[in-house]
Structure formats: C-alpha cells, structure tokens
Amino acid sequence: MSVLGGFAGEVWRAVRPVDRYQRLLWWCGTALVTSGVVHGVVAVIDFAPWWGPVSWRKPVVFGVSFGLMVWAVVWIMRQLPARWWARIPAGLVVFSSLAEAVLITAQRWRGTASHFNQATDTDSAVWSAIGTLTLPLILGVVLLLVAALVRFDGGGASRVAVLVGLTAVLAAGAIGQKMAAIGEKAFDDTGHVPYEVLFGAAGSAKLAHAVGLHGLQALALLAILCEAGRLSARAAGTVVGVAALGYAAAFGAITATAYAGRAPLHPTAVMGVLLAAGLLTMAAATLVAVAQAVPKRPAQSLSASTPVS
C-alpha cells in the first residue's frame, strides 16, 4: 500500500461514523460536498462567469465548505460521549448548514442573487432566512466547544485541534457578520453591493473568513496523522499545539491585514513577518507529522541460506 493510501486509511478510520446518528450526519455532509462538486461541473459546462453576485461559485463554495464542516462535526462527535447534549449542537450545525446551502443553491437556479437581494418579497425572505440561520449555527459551534471543554474522550492532539478549530470558526463567523453589516449598508446607500466587501480601501475579509472556517479541518488532519503514527501522546499533542500556534499567527495576520484596509498580498512588514512565521511553523509541524506517520518497515527475517553461528 502506498504512503498516501496509508494516510487516507488512517483518516477514514478516525472519521468514519460509528452509530446511526453519526451516519445520518455523515451522509448530510456527503450530500453537501457532492452538491458542490456537481455544481462545479455545471459551472464548467455553462461557461457562466465564476465571480459576481449570481454565479455557480456560491453553490460550489458553500456546498463544499459546509460539507467539510459537517464531516468535521462527525469526527468531533466520535470523541464526545454518546449523549443527547452532544447530539443537539451537532444537529444545529448540520441543520443550519444544509438549510443555508439549499437556499443559496436555489437562488442560483432561479437566476438571482442569494446575498443582499431584496428585489422581491421572495428574495428578501431568502436573504433574511440566510441571516437568521447563522444563529443556530453559531449556537451549535459554541455548545460543541463547551462540550469539548467539559468532557473530551479523544487524545490530547485531537483536543487541541478541536478547541482551536472551533474557536477559529467562531472568529470567522464574527468576520462574516461584519461583512454582512458592511454589505447591508452599501446596499442601503447605493442600491447594490460591490463585488468585494471591503474593510477599508482594499481590505477584503473573504480570505480571513475562509481561513477561519477551515482551520478545524486542517488541524484535525494533522492530529489524526500524529495520533496514528509513531509519536507518543505527549509528542503528538506538542506537534499539533505548535501547528495551532502557527495557524493562529497566520489567521491573525490575515485578519489584521483585512481590518487595516490592506490587500491580502500587501500586509505591513510586521504582519508579513507574522504571516510567514505562522505558515513556516505549520509547514514544519506537518513535515514532522508526515514523517512520523510513515509506519516502520518490518525487520527482515533471516533467509534459509543465512549462516547461523
């Protein structure tokens, strides 16, 4: 088996659902990811613009992003007690993700914008529903974070990944709320929303929002590799902890750059150094995890022709 196949097997063993409720959530995540992939194919066939308020980009991005989030929630549930207080927040996250993705996708098939659209009563109702759905989503993430703090049955590396990843999701949610408020004001003032919702002259927060949403998946993969490899539990926790610090540094630099009104590729010198240090730290931790995840080669047995003294 190839090294890549071995890694994939370890990840699947760590994230596969183990009870009926987890399987239900897993298939919800699979449906979301599949929807994103299918709409990617539709976008290629349609030759429609990728950017803009009415594009296939939104069903693709939201479908895949929400699907990955749901899969991560299943992984978290595997490491929490099988109790109702763990199932409720997971259900809130999955329900909100599904509902929001369906609304966004339906609006694209209707040929109208899903965000900041109040052209008709239907469009206004959809936009209002999308905004309202963020409330149970955030509540679910908060409750999952509390549950992981109270009782977590997984290893130390996974615990670090869950706590830091969920905190980053909440930070990304706050960034998203700020983007929505800016977009609403722009719509009220001008009747439309610019392609880039900016925090200042060039400070697009879309990158910061995306990085915050998907840190959970990146740290989860790293934790799985560390805990499945040859590292001790303490060493695995240390490696993921170092990676989490690097991730926090990079996420903070990207976010600060956006709030300073600067383009992502033009941070200040300080933020540029912080970003580079964070990325290099994450890369180093990943190299350690990958190197230690490679199984040891079995000792070669003595052949029959080997002389025995």
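No experiment lies behind these values; they were computed from the predicted model shown. (Residues numbered from 1 in each chain as written. Predicted model: local features only at pLDDT ≥ 70, side-chain atom pairs only at ≥ 80, totals over all residues. Heavy atoms only, no water.)

(A) Main features of the confidence of the model for the chain. Of the residues in the chain, 90% reach a pLDDT of 70 or more, and the chain-wide mean stands at 87. The model gives residues 296–309 a pLDDT under 50, and that stretch makes one contact with residues more than four places away or in other chains. (pLDDT = per-residue confidence, 0-100. Contact = heavy atoms within 4.5 Å.)

(B) Expanded view of the nonpolar core. Trp75, Ile76, Leu166 and Cys226 are the most contacted members of the largest nonpolar core, which has 62 residues in total. Residues within four places of cysteine 226 in sequence aside, it is in contact with Leu231, Ala236, Val239, Val240 and Ala289. (Core = buried A, V, L, I, M, F, W, Y, C linked by side-chain atoms within 4.5 Å. Buried < 20%, exposed > 50% of the residue type's maximum accessible area, 1.4 Å probe, protein only.)

(C) Molecular detail of the environment of alanine 106. Its place among the elements puts alanine 106 in helix H4 (residues 84–110). Exposure remark for alanine 106: the relative accessible area of 36% places this residue in the partly exposed category. Here the alpha-carbon distance between alanine 106 and valine 126, two residues 20 residues apart in the chain, equals 9.7 Å. (Helix = DSSP H or I, 4+ residues; strand = E, 2+ residues; numbered from the N terminus.)

(D) Unusual backbone geometry, seen in detail. A positive phi angle is found at phenylalanine 47, which is not glycine, with a value near 60°. With respect to the helices and strands, phenylalanine 47 occurs in the loop between helix H2 (20–46) and helix H3 (57–77). Accessibility expressed as a relative area gives 74% for phenylalanine 47, which makes it exposed. Unlike most non-glycine residues, phenylalanine 116 shows phi in positive territory, near 55°.

(E) Geometry of the packing of H3 against helix H6 (residues 156–190). At a minimum axis distance of 11 Å, the contact between H3 and H6 shows a crossing angle of 140°. Between H3 and H6, the angle is such that the two are oblique. In terms of crossing hand, the pair formed by H3 and H6 is left-handed. Each of Met69, Trp75 and Ile76 in H3 lies in contact with H6, whose residues at this interface are Ser158, Ala161, Val162, Leu166 and Val169. A breakdown of the residues in the contact of H3 with H6 according to their chemical character gives seven nonpolar, one polar and no charged. (Axes fitted to C-alpha atoms, helices over the stretch in contact; angles between N-to-C directions. Parallel < 35°, antiparallel > 145°, perpendicular 65-115°, else oblique. Left-handed = near helix turned anticlockwise from the far one by under 90°. Nonpolar A, V, L, I, M, F, W, Y, C, P; charged D, E, K, R; others polar.)

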